[in-house]
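Observations on chain architecture
The chain contents come next:
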Amino acid sequence: IRNKKQKCDSEEISDDSTAACGPNKPIQTFVFLDLEATGLPESDGTLPDITELAMTAIARQGMTGNSVKGAIPRIQDKLLLCLTPQKDVTPTAEKMTGLSKQLLEKHCKRKMDLNVDGALRYFLRRQTPPVCLVSHAGDRFDFPVLRAELDKVDSVWDCIYTIDSLKFFQYYMPKQNRSLPNLCKRFLGFETDHNAEGDVTGLVLLLSSCTFADTFLDWAQENAIKF
Ligand code: DCM
Ligand code: MG
Ligand code: MG
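The rules behind the values
Residues numbered from 1 in each chain as written. Chains lettered and ligands numbered in written order. Predicted model: local features only at pLDDT ≥ 70, side-chain atom pairs only at ≥ 80, totals over all residues. Heavy atoms only, no water. Helix = DSSP H or I, 4+ residues; strand = E, 2+ residues; numbered from the N terminus. Buried < 20%, exposed > 50% of the residue type's maximum accessible area, 1.4 Å probe, protein only. Near = heavy atom within 4 Å. Polar contact = N/O pair within 3.5 Å; in protein donor to acceptor, adjacent residues only side chain to side chain. Areas by Shrake-Rupley, 256 points an atom, 1.4 Å probe, with all protein chains shown as cover. 1 Å grid on protein atoms, 1.4 Å probe; cavity = no way out; pocket = protein on both sides within 12 Å on 5 of 7 lines; lining within 4 Å. Sits in = over half its atoms within 2 Å of the grid points. Nonpolar A, V, L, I, M, F, W, Y, C, P; charged D, E, K, R; others polar. Donors = N, O, S within 2.8 Å, 3.2 Å for Na, K, Ca; no water. Points joined across faces, edges and corners; volume = space filled by probe spheres on them. Phe/Tyr/Trp six-rings, centres within 6.5 Å; stacked < 30°, edge-to-face > 60°. Lys NZ or Arg CZ within 6 Å of the ring centre and 35° of its normal. pLDDT = per-residue confidence, 0-100. Pairing = 2+ DSSP bridges. Contact = heavy atoms within 4.5 Å. Axes fitted to C-alpha atoms, helices over the stretch in contact; angles between N-to-C directions. Salt bridge = Lys/Arg side-chain N within 4 Å of Asp/Glu carboxyl O.

Moving on, we come to the environment of Glu197. Mapping Glu197 onto the fold places it in helix α8 (residues 196-207). The partly exposed category is assigned to Glu197, whose relative accessible area is 31%. In this structure, the C-alpha to C-alpha distance between Glu197 and Leu33, residues 164 residues apart in sequence, is 8.7 Å.

What follows covers the site of ligand 1. Asp34, Leu35, Glu36, Ala37, Gly39, Leu40, Ala93, Met96, Thr97, Phe141, His194 and Asp199 make up every residue found near ligand 1. One of the side-chain N or O atoms of Glu36 is found 2.6 Å from an oxygen atom in ligand 1. Asp199 has a polar side-chain atom sitting 3.1 Å from an oxygen atom of ligand 1. Within the complex, 76% of the 450 Å² of free accessible area of ligand 1 lies under protein. The cavity where ligand 1 resides is the largest pocket. At the level of secondary structure, the elements contributing two or more residues to the shell around ligand 1 comprise β1 (29-37) and α2 (91-97). By residue number, the principal contributor to the shell around ligand 1 is β1, which donates 4 residues. Class assignment for the residues of the shell around ligand 1 results in 6 nonpolar, 3 polar and 3 charged.

Asp34 (OD), Glu36 (OE) and Asp199 (OD) make up the full set of protein donors to the magnesium ion (ligand 3), lying at 2.0 to 2.1 Å. When the donors of the magnesium ion (ligand 3) are listed by position in the chain, the intervening gaps give D-x1-E-x162-D. The metal-metal distance between the magnesium ion (ligand 3) and the magnesium ion (ligand 2) comes to 3.5 Å, with Asp34 coordinating both. Of this pair, Asp34 sits in strand β1 while Asp199 sits in helix α8, and the two are 165 residues apart along the sequence.

Estimates place the volume of the largest pocket at around 620 Å³. Considering the residues around the largest pocket, the lining is formed by 25 residues, among which Leu40, Met96, Ala137, Phe141 and His194 are closest to the centre.

Moving on, we come to the packing of aromatic side chains. Tallied over the entire structure, the rule returns 10 aromatic pairs. Ring centres 5.0 Å apart and planes at 80° place the aromatic pair Phe187 and Phe212 in the edge-to-face group. Note that Phe187 is positioned in helix α7 (residues 180-188) and Phe212 in the loop between α8 and α9 (213-223), a separation of 25 residues in sequence. Here Phe212 falls in the buried class, since its relative accessible area comes to 8%. A network of ring pairs unites the aromatic residues Phe30, Phe168, Phe169, Tyr171, Tyr172, Phe187, Phe212, Phe216 and Trp219 as a single cluster. The lysine or arginine in question, Arg125, covers the ring of Tyr122, its NZ or CZ lying 5.2 Å from the ring centre.

The next point concerns the confidence of the model for the protein. Chain-level pLDDT for the protein is 90 on average; 89% of the residues reach the 70-or-more range. Reported for the predicted complex are a pTM of 0.91 and an ipTM of 0.98.

All right, on to the sheet that holds strand β4 (residues 131-135) then. Read across the open sheet, the 6 strands follow the order β3-β2-β1-β4-β5-β6; overall the sheet is mixed. Across the chains shown, the open sheet's two edge strands, defined by having one partner strand only, are β3 (77-82) and β6 (225-226). Sheet topology places strand β5 (residues 160-164) next to β6; 2 bridges connect them, and they run antiparallel. When the bridges of β6 are listed, Thr162 appears paired with Ile225. In the packing of helix α4 (residues 114-125) onto the sheet, the strands contacted are β1, β2 (50-59), β3, β4 and β5, and the crossing angle to β3 comes to about 170°.

What follows concerns the pattern of salt bridges. For the structure on display, the rule yields 8 salt bridges. Glu197 is the salt-bridge partner of Lys78, the closest N and O atoms lying 3.0 Å from each other. Placement of Lys78 in strand β3 and of Glu197 in helix α8 is noted, with a sequence separation of 119 residues between them. Judged by its relative accessible area of 43%, Lys78 is partly exposed. Among the ionic pairs, Glu191 bridges to Lys185, the shortest N-O distance being 3.9 Å. Several salt bridges share partner residues, and in doing so they unite Asp49, Lys87, Glu149 and Lys152 into one network.

Put into structure tokens, the structure is as follows:
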């Protein structure tokens with residue numbers, strides 16, 4: 001069990017060294033995350049490799065008061081990276097994402113390395129803590145897949161929280177199709193199409209809209225867990 005006084009990344013992330021590290025404090029930054037990958041997790045638990053990663057960071061202040069439908073918060077930080085995977089991309093994933101190992105190699109995209117870890121760390125350190133990653137189906141896909149990639153370079157992150165937006169919609173809209181493309185089609189009038197940046201933008205638009213933003217902020221505060 002973490003000692004509350006233990007030094008944690010949020011002290012480095014923040015300029016304010018007195019910043020609290022617990023989820024007791026309201027989440028100050030939501031970092032929307034989507035990964036494209038070589039396929040789905042296999043039945044034996046083997047995880048796919050990342051082919052593309054998108055993060056969009058929105059301050060708490062940017063998450064509410066967006067009354068115009070389809071208006072993206074004006075102030076955001078973004079990171080988009082392509083990675084050559086170790087594994088081949090399955091035909092289904094290639095069709096969905098337009099990415100193959102061969103194509104990524106052709107464009108000289110490097111494999112997972114410490115520079116990716118560094119880019120993510122420095123990006124997250126720019127954000128005001130507490131910082132919470134938000135991903136659709138993140139608990140079963142994006143968070144474990146990202147964790148496994150970071151493990152490859154022995155990276156440890158402290159004091160970053162996560163929530164799975166699919167669980168938010170499962171709770172508030174039981175018995176309906178809550179896939180990201182379907183939610184975007186229904187509430188925003190366009191379908192996301194499995195490119196990491198587009199999927200993140202769709203999720204930002206959904207959750208910062210007047211329809212969901214206030215309930216989402218409360219739900220996220222109660223359900224955030226350590227990455
Ligand atoms: N994926 C897959 N087959 C599916 C759904 C997803 O192989 N039926 C993989 C490939 C995608 C990744 O999951 O790159 C993430 O999916 P999404 O774009 O929905 O975030
Ligand atoms: Mg996704
Ligand atoms: Mg996607």
